[in-house]
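Residue strings, one per chain:
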Amino acid sequence: MGKKNDREERGGTRRDFLKLAATGAAAVSMAAPQAAEALEFDLETFLQKHFRRMSDEELEALIQRLERKYEQKYGKEFNVKATGPVDDVLFGYGLDVSRCIGCRRCVHACVEENNQSRDPEIHWIRVLEFEREAVVRGVNLEEGDAYFENPVQPAPGKMYLPIACMHCEESPCTNVCPTGATWEEPDGIVAIDYDWCIGCRYCIAACPYGARHFNWSEPTLSAEEINPDIHIIGNKPRTKGVVEKCHWCMQRVRDGRYPACLEACPVGARKFGNMLDPESEIRYVMENKRTFVLKSELGTKPKFFYFF
Amino acid sequence: MTAKEQGEGSAGEYHPPSNQLGTWVVLGAAFLMVLSLFSVRMSQDPNSSRDYPSRTLPPGPPASLMAEPEMDEDYWPCSDCHEGEVTNFKVREMTEEHENRAEFSHGTNWCLDCHDAKDRDSLHLSNGELVSFDETWRLCTQCHSNKLADWRAGVHGKQTGHWRGKKEYWSCIACHDPHNITPAFKPIEGKPRPRCPDELTVDGNQWNKDMCRSISKGHATHEARDPEQGEKEDGHGQEE
């Protein structure tokens, strides 16, 4: 099949695109806002400032605009938030590898909480299965199997290692972003402004943990499935062509709640808290348990600690 | 340059006003361009941060204990059957009642090591102090004291609710069966696996088993995947 046919199959040639762009531009410049909506081109989103450059008034206007938009689209009430970090908080996460049974309840709780696309399927957490015997000789992440299926969990002779965003202090993904669309928040969460992501996927290439995922096509999410509790740089529904990843349930943790994956874990292997608070669970883990981080040799300084 | 020279100079040369205006327009435009470049640079600076207002969260009430799992109505309350009977202290095999406890394997313990013979609806510590069925952790940690510190710190076992705010601790017997501790946590059914990369194609949804297997080394069970697996209820009683 020739190159030209390929292009046509994928949705038109360059000429078609230019024609469409010209009509779109003309329509937006001349017609009423209703016409712009009909074209699914949102001028306000197009001109939207970067999250960190928005004034409080602009942010409030954005919240109201998004609430209107989602209520119209999904037919239920939404609570859109831009909650800021809590003072003197640096989040850290702990996971007890000796207790994880690989049941993947965290994976699916995450999908439901954070509005991931159901088809094509996106999972922010990947659970790797290892042979216990092989792990004794040393963990080779390439030997991990993310597609395991067993009648019951845990399978005998296996161990499990769930992997999601490590929220690195020296995050390579934020360093390579050409538009500054991803950055580390003051409370340690590596966040994404989905409206400023241009889909170049440099961050995916830079991340050594495979934590970032790309929306290759329009995500599908039904009105029943969508979680109406939304943070703008958190679980806001994504569009085609943007990168997404774990953000430690920003919409929950900035109100003091635990992340969804932690609450879903039946064995209590997941621990979350403020690393600056000496009374927190995560500090107890760091002070009393044997902890390790993945790929420490890369110097990314993850804030996700495995312990046993 | 004196004022006289200046006056002479300006008188000698003649600039049409339109030209002067043009120069200023060009200069002004250049200045604006530099400004706009500067602002673009600022907007891309990864170190520029949003000025978040100061926020605190209230510490919330002290941590509470999750309600213990529901008692088996066929057996609870114990006093229904055992009230007023003469206690048989002999360690023996159960044949008539509590047969499901016949495989009791918690060390060398016997029923009355934990259950109180006089107050049938209570438990007792080793020093004889009565303990209600809502505080079983006090009983367990008499021996498993090494787990107590971890549990108190919120690191052993499960906690739900808030990392700052109302926190609920799950008790020992929410996960461990006190009458049969092996295995410590009963195996449960796993949730569906992610689709293999080649399954993600929409066309015909045909996927190459070999490719999937090469990704997931050593697993040949993928053809047995039930598409309705995701809708199945998990029979795990510990979820909220």
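For the structure, see preceding data.
We now turn to the structure provided with this report. These figures come from a predicted structure and were not determined experimentally.

Turning our eyes to something else, we now look at the sheet that holds strand E11 (residues 291–292) of chain A. Residues and elements named next belong to chain A. Taken together, the 4 strands give an open sheet; going across it, the order is E10-E2-E12-E11, and neighbouring strands pair in mixed fashion. Only two strands of the sheet have a single partner each, and these edge strands are strand E10 (270–274) and E11. Here 5 bridges tie strand E2 (residues 91–96) to E10, and the two strands are oriented antiparallel to one another. By the bridge assignment, Tyr93 is partnered in E10 with Phe272. Each of E2, E10, E11 and strand E12 (304–307) is contacted by helix H12 (residues 281–288), which is oriented at about 110° to E10, the strand it contacts most.

Before going further, it helps to spend a moment on a negative patch on the surface. A cluster of acidic side chains, namely Glu70, Asp72, Glu73 and Asp74 of chain B, defines a negative patch on the protein surface. The residue Asp74 of chain B is located in the loop between strand E1 (64–65) and helix H3 (79–82) in this model.

In total, this model carries 27 salt bridges over all chains according to the counting rule given. Its salt-bridge partner being Glu281 of chain A, residue Lys167 of chain B comes within 2.9 Å of it at the nearest N-O pair. Residue Lys167 of chain B is located in strand E5 (residues 167–169), and its partner Glu281 of chain A is located in helix H12; the two belong to separate chains. Of the residues examined, Lys167 of chain B reaches a relative accessible area of 13% and is grouped as buried. A salt bridge links Glu129 of chain B to Arg138 of chain B, with the nearest nitrogen and oxygen atoms 2.9 Å apart. Beyond isolated ion pairs, a larger network of salt bridges with shared partners links Lys81, Asp229 and Asp255 of chain A together with Arg55 of chain B.

Within the element layout of this structure, Gln153 of chain A appears in the loop between helix H7 (132–137) and strand E4 (158–163). Take Gln153 of chain A: its relative accessible area is 2%, and that puts it in the buried class. The residues touching Gln153 of chain A, leaving out its near neighbours within four places in the chain, are Ile101, Gly102, Cys103, Phe148 and Tyr160 of chain A together with Pro187, Ile188 and Gly190 of chain B. Separated by 3.1 Å, the side chains of Gln153 of chain A and Asn150 of chain A make a polar contact.

Each aromatic ring pair is characterised by the separation of its centres together with the angle its planes make. Going through the model one piece at a time under the given rule, you end up with 18 aromatic pairs over all chains. With centroids separated by 5.1 Å and ring planes inclined at 50°, the aromatic side chains of Phe304 of chain A and Tyr306 of chain A adopt a geometry described as tilted. For Tyr306 of chain A, a relative accessible area of 0% translates into the label buried. By way of ring pairs, the aromatic residues Phe91, Tyr93, Trp248, Phe272, Phe292, Phe304, Tyr306 and Phe308 of chain A together with Trp163 of chain B are connected into one cluster. Across from the ring centre of Phe148 of chain A, 4.0 Å away, lies the NZ or CZ of Arg104 of chain A, which sits over that ring. The ring of Phe214 of chain A carries the charged tip of Arg201 of chain A above its face, separated from the ring centre by 4.8 Å.

Turning next to helix H6 (residues 145–152) of chain B. Turning to H6 of chain B, its buried residues number three or more, namely Leu148, Asp150 and Trp151 of chain B. Taken together, the buried residues of H6 of chain B touch H12 of chain A together with E1, helix H5 (136–140), strand E4 (159–161) and E5 of chain B. A positive phi of about 85° marks Gly154 of chain B, the residue just after H6 of chain B.

Quick look at the nonpolar core now. Looking at soluble globular proteins, one finds that nonpolar side chains tend to be buried together. All names here are of chain A. In this structure, Phe51, Ile232, Phe272 and Tyr306 are the most contacted members of the largest nonpolar core, which totals 66 residues. For this core, the secondary-structure elements that each account for two or more residues are helix H5 (56–74), E2, helix H6 (105–113), strand E3 (126–131), E4, helix H10 (250–253), helix H11 (260–264) and E12. Here the element with the most residues in this core is H5; it accounts for 6 residues. Judged by nonpolar contacts, the second largest core, of 11 residues, contains Ile192, Tyr194, Cys197 and Phe214.

All names here are of chain B. Sheet architecture is open: 3 strands sit in the order E1-E5-E4, paired in mixed fashion. The open sheet has two edge strands, E1 and E4, and neither has a second partner. Sheet topology places E4 next to E5; 3 bridges connect them, and they run antiparallel. From the neighbouring strand, Thr160 faces E5, where its bridge partner is Glu168.

About the thresholds
- Residue positions are given per chain, counting from 1 as you read along its sequence in written order.
- Numbering of ligands from 1 and lettering of chains from A proceed in the order in which they are written.
- At least 70 in pLDDT is required for a residue's local features to be given in this predicted model, at least 80 for side-chain atom pairs to be given and counted, and no such filter applies to totals for whole chains, interfaces and linings, which use all residues.
- Heavy atoms from the whole structure form the basis of all side-chain values; hydrogens and water molecules are not counted.
- Pairing between strands requires that DSSP locate at least two bridges from one strand to the other.
- A run of H or I in DSSP becomes a helix once it reaches four residues, and a run of E becomes a strand once it reaches two; helices and strands are each numbered from the N terminus.
- Whether two residues are in contact is decided by their heavy atoms, any of which lying within 4.5 Å being enough.
- Axes here refer to lines fitted to C-alpha atoms; in helices the fit is confined to the stretch in contact. Angles between the N-to-C directions go from 0 to 180 degrees.
- Nonpolar side chains (Val, Leu, Ile, Met, Phe, Trp, Tyr) are joined into patches within 5 Å and like charges within 9 Å, using only residues with over 30% relative accessible area and no salt bridge.
- The protein chains shown are the only cover counted for residues, whose accessible areas, like all others here, come from Shrake-Rupley with a 1.4 Å probe.
- Salt bridges are identified by distance alone: a Lys or Arg side-chain nitrogen within 4 Å of an Asp or Glu carboxyl oxygen.
- Only four residue types enter the tally: Lys and Arg on the positive side, Asp and Glu on the negative side, with His and both chain ends excluded.
- Charged groups are reduced to one reference atom each: NZ for lysine, CZ for arginine, CG for aspartic acid, CD for glutamic acid.
- The rule is simple: take the accessible area with a 1.4 Å probe, protein chains only, and divide by the maximum for that residue type; under 20% is buried, over 50% is exposed, in between is partly exposed.
- Definition of a polar contact: a pair of N or O atoms within 3.5 Å, with one able to donate and the other able to accept a hydrogen when the atoms are protein atoms, and with sequence-neighbouring residues admitted only if both atoms are side-chain atoms.
- Side-chain rings of Phe, Tyr and Trp, where Trp is taken by its six-membered ring, are said to pair if the distance between their centres is within 6.5 Å; with planes under 30 degrees apart they count as stacked, over 60 as edge-to-face, and otherwise as tilted.
- Look at NZ for Lys and CZ for Arg. If either is within 6 Å of the ring centre and within 35 degrees of the ring normal, a charge sits over the ring.
- Among buried residues, the Ala, Val, Leu, Ile, Met, Phe, Trp, Tyr and Cys ones that are joined through side-chain atoms within 4.5 Å form a nonpolar core.

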